[in-house]
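Listed below are the residues making up each chain.
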Amino acid sequence: MHRNKLIGDLEAYRVRNPGEAATADRFLDFVRSHKRCFHRDCLPGHVTASAWLIDPGGSRALLTHHRKLNRWLQPGGHCDGDSDTLRAAVREAAEESGLEVETCSEVPLDIDIHAIPARKAGPGRKAEPAHFHYDVRYALRAGSDDFTVGEESHALAWVSFADLTDYTREPSILRMLAKWRGFRAT
């Protein structure tokens, strides 16, 4: 079954992160009950993949000022039917930054479930109801510092870990920083 790898990753994540059992269980329930969970047309939500993308020196993270949500976030996006969430995270990070990226680990660094607001129809886009993103996040490393701002972003910025809260107070991003620090210490 195309969902088995993600289900196994989420079960292992739950064991590694017992304080996040409720989130992992909710994520698992969603994936198990929605065969099309990797597709955008799956509602009330769908699986997405993101990157905690660090610079070659390992002291900064790349943030994108997201065009649709108008907030500083980690790079990432829709799986578009791809059940390999690591591959989707690498693809999205590369597409959004123009950078070559490599994996730091093949297991998820973090998971998050967040609400996406409804959008009205506009030029070239259909209306979209409010829904959830079931986001799987991986630690990735950029091959260089020279990013290119893509069409999904207002801006990109390498942000030192010490300055992260100057850009965002998003709890899940700060949680990824804490997990990254723990990952590097092991």
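Model, not experiment: these values are computed from the prediction.

A. Fine view of the state of the cysteines. For the coordinates displayed, the defined rule picks out zero disulfides. In this model Cys42 remains outside any disulfide bridge; the closest cysteine sulfur is found in Cys37, 6.4 Å from its own. Since its relative accessible area comes to 7%, Cys42 is described here as buried. Of the cysteine sulfurs around Cys104, a residue in no disulfide, the closest is that of Cys79, at 19 Å.

B. Looking closely at the pairing of strand E7 (residues 131-142). Most of E7 is tucked away, with 10 of its 12 residues classed as buried. Relative to E7, strand E1 (residues 45-54) is paired through 10 bridges, and the arrangement is parallel. Each residue of the ladder has a partner; that of Ile54, found in E7, is Arg141. Bridge analysis of strand E5 (residues 101-103) against E7 gives three bridges, and the strand direction is antiparallel. Residue pairing across strands places Thr103 opposite Leu140, the latter belonging to E7. Summarising the sheet, strand E6 (residues 110-116) and E7 pair through seven bridges and their orientation is antiparallel.

C. Region of interest: the pattern of salt bridges. If you walk through the whole model with that rule in mind, you get 19 salt bridges. The salt bridge involving Asp82 is made with Arg87; its shortest N-O contact spans 2.7 Å. Residue classification places Asp82 among the buried positions, given a relative accessible area of 13%. A salt bridge links Arg175 to Asp112; its shortest N-O distance comes to 3.1 Å. Residue Arg175 is located in helix H5 (residues 171-185), and its partner Asp112 is located in strand E6; the two are separated by 63 residues in the primary sequence. Look at Arg175 and you get partly exposed, because its relative accessible area is 25%.

D. Seen up close, unusual backbone geometry. One non-glycine residue with positive phi stands out, namely Asn70, at about 55°. Mapped onto the elements of the fold, Asn70 is located in the loop between strand E2 (60-66) and strand E3 (72-73). The backbone phi angle of Asp80 is positive, close to 50°, even though this residue is not glycine. On the secondary structure map, Asp80 appears in the loop between strand E4 (76-78) and helix H3 (85-97).

E. Structural detail: the environment of Arg60. Residue position: Arg60 is located in strand E2. The spatial distance from the C-alpha of Arg60 to the C-alpha of Leu164 is 8.8 Å, given a sequence separation of 104 residues. Within polar-contact distance, the side chain of Arg60 engages the side chain of Asp145 at 2.9 Å.

F. Structural detail: the packing of aromatic side chains. Inspection of the entire model under this criterion finds five aromatic pairs. The interplanar angle of 5° and the centroid separation of 3.9 Å between the aromatic rings of Phe30 and Tyr134 together place this pair among those described as stacked. Residue Phe30 is found in helix H2 (residues 21-33), and its partner Tyr134 is found in strand E7; the two are separated by 104 residues along the sequence. Judged by its relative accessible area of 4%, Phe30 falls in the buried class. Ring centres of Trp180 and Phe183 lie 5.3 Å apart, and the angle between their planes is 25°; on these two criteria the pair is classed as stacked. One end of the pair is Trp180 and the other is Phe183, both in helix H5 and three residues apart, which spans about a single turn. Residue Trp180 is classed as buried on the basis of its relative accessible area, which comes to 2%. Lying across the ring of Phe132, Arg26 places its NZ or CZ 4.8 Å from the centre.

The rules behind each value
Residues numbered from 1 in each chain as written. Predicted model: local features only at pLDDT ≥ 70, side-chain atom pairs only at ≥ 80, totals over all residues. Heavy atoms only, no water. Disulfide = S-S within 2.5 Å. Buried < 20%, exposed > 50% of the residue type's maximum accessible area, 1.4 Å probe, protein only. Helix = DSSP H or I, 4+ residues; strand = E, 2+ residues; numbered from the N terminus. Pairing = 2+ DSSP bridges. Salt bridge = Lys/Arg side-chain N within 4 Å of Asp/Glu carboxyl O. Polar contact = N/O pair within 3.5 Å; in protein donor to acceptor, adjacent residues only side chain to side chain. Phe/Tyr/Trp six-rings, centres within 6.5 Å; stacked < 30°, edge-to-face > 60°. Lys NZ or Arg CZ within 6 Å of the ring centre and 35° of its normal.

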